[in-house]
Each structure stands twice: as C-alpha cells, then as structure tokens.
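An overview of the molecular structure
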Amino acid sequence: PCRSVLTVACEQTEVLLFDPISSKHIKTLSEAHEDCVNNIRFLDNRLFATCSDDTTIALWDLRKLNTKVCTLHGHTSWVKNIEYDTNTRLLVTSGFDGNVIIWDTNRCTEDGCPHKKFFHTRFLMRMRLTPDCSKMLISTSSGYLLILHDLDLNKSLEVGSYPILRARRTTSSSDITSSGSSGPRAAGSPCHQNDSGPLSEKHLPRSSQREGGSPRNSLEVLTPEVPGERDRGNCITSLQLHPKGWATLLRCSSNTDDQE
C-alpha cells in the first residue's frame, strides 16, 4: 500500500521483490511455495499473502522474509485469487476446488488462521472484491459471471441460502453498481435451486434482511455473450475490476480453446 516494494509472483516456486523507484532487485523467495505462485496481496505496509497451485496460502512479513509468518491450509486444489477486506481484516481466497474461503487474520497464529467456507460453485475460475468490499464477483469456466451484492463476509452461504436478484444475458459491458428485483434464474445456472423455486426475500431468515432494502449477499447471475460464441460456449478465464469498481473486464476463451 505504501508503494515501497514491488512483488512478483512467478510461474515456478519463487516470489521476487523489487524497489519500484530504482528497479533494484531486493530479494528472491526461492521456495515461497512448492508449486506455481499465482497471486500476491498486501494486507498492510508490511504483511502480504501469497497463494499457489500447491493448494496453500502463505503469510509473509517484509521485516522477516527468511521464514513465513504461517501457512494456511483449507483448499483442496489450486488457489488462484486472494482478496482482503481492510475493514474486517478478513482474507478471502478462491481456488479450483470451487470454494471461496474466509480467513480471520485477527486471530492468526504461527499455526494458521481460523477459516470457514463462505461460498461454493462449480467451475469457479476467478474471484474479485470491489474496492469498497460491497460486492464479490466470481467468474466460471461455464461462462457465468456471479455477483454477490451488499456483501457480508461474516455470513457463510449454504446452497439455496441466498436470494436471486436477476439472471440475464448481456451483450455489452455490465454495470456492477446496481441491483434489480428478484427474478427467475437462467437455465443451467451454476447455482442450486430448491423445489419451491428461486429464493426471494420472504424466504430468508429475518436476520438476513435489511430494513427498507434488499437482503445481504443477494446473488446476480450474468451470462456475458461473446460474439460468434453463442453456440460454442465460453470460459471466463480472467477477471479484473476498475480501480473504483465501476466496471469489470473479462477475458473469455472458447471451450475449444481456439479463440479468445
């Protein structure tokens, strides 16, 4: 956050540190993980987290880089993304096991941090939080973009415990700052449905509802339409957000891997 160190996640097991002003190489963490390092996220001016295809997350202190602060175990497949809520000091990670896991860094010890599964969906590819941490965006290899609105990271979401705001196909850039009324979910959506149909606010516990507003963690399902790919399907392989959270940029590839 203070922009005094530039960190680089490497395809092998390394993390590189540079001085961003002089471009001087400061240090190499040669065995930061046992497999490819995928993402790095600073928690404050000295602590940062790394995640890897070795299924773990590691916490590091810039003042003592010879050893990890701790290693976090909880995912069962490659861990691809790390996000951090500075208000609650909760670390958020996602992996190819389909899980989004919350880690409580307020109670971190050398043995790790207390953690819980927050959300699960099949074919999860990437996860991002908006800068104000009010929304979570998840892309999938089945071509869906999931948006959790009015985010509450302290409430784990079980299957069917979240209301559906809307499910729609979009042919243009998606506005992620607004939410609509409850509506039907698109067929084949990665989210499960009970026998009574999509959940609405009246089906939720009172604690999940806000007075005069929509319930917390409301789910919106989008299916971005890629020109020429209507009948071929597409995988959302990369997901980036505008620094102010105003828009999202998706990188899509066809299921046959011959077009992007």
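Just so it is clear, the structure is predicted and the values come from calculations on it, not from any experiment. (Residues numbered from 1 in each chain as written. Predicted model: local features only at pLDDT ≥ 70, side-chain atom pairs only at ≥ 80, totals over all residues. Heavy atoms only, no water.)

Focus: the UniProt feature "repeat: WD" (unreviewed entry) in the protein
When the UniProt feature table is mapped to this numbering, "repeat: WD" (unreviewed entry) covers residues 30-63 and 72-104. End C-alpha atoms of residues 72-104 are separated by 11 Å, and the span's content is 0% helix alongside 64% strand. (UniProt positions renumbered as here; feature names shortened; annotations may be inferred. Helix = DSSP H or I, 4+ residues; strand = E, 2+ residues; numbered from the N terminus.)

Here's the deal with unusual backbone geometry
A negative phi angle is the norm for most residues apart from glycine, just as the trans form is the norm for most peptide bonds. Residue Arg89 is not a glycine yet carries a positive backbone phi of 60°. Mapped onto the secondary structure, Arg89 falls in the loop between β8 (79-85) and β9 (90-95). Arg89 sits in the partly exposed class, given a relative accessible area of 32%. One non-glycine residue, Asn217, lies in the positive phi region at around 55°. Note on placement: Asn217 falls in the loop between β15 (164-170) and β16 (218-224). (Buried < 20%, exposed > 50% of the residue type's maximum accessible area, 1.4 Å probe, protein only.)

Section: the layout of surface pockets
It is a probe the size of a water molecule, rolled over the atoms, that shows where empty space is left. Considered as a void within the structure, the largest pocket measures approximately 450 Å³ in volume. Surrounding the largest pocket, 18 residues form its lining, Arg41, Glu83, Leu129, Thr130 and Pro131 being those nearest its centre. Of all the secondary-structure elements, those providing two or more residues to the lining of the largest pocket are β4 (37-42), β8, β12 (124-129) and β17 (234-241). If one sorts the elements of the lining of the largest pocket by residue count, β8 sits on top with 3 residues. (1 Å grid on protein atoms, 1.4 Å probe; cavity = no way out; pocket = protein on both sides within 12 Å on 5 of 7 lines; lining within 4 Å. Points joined across faces, edges and corners; volume = space filled by probe spheres on them.)

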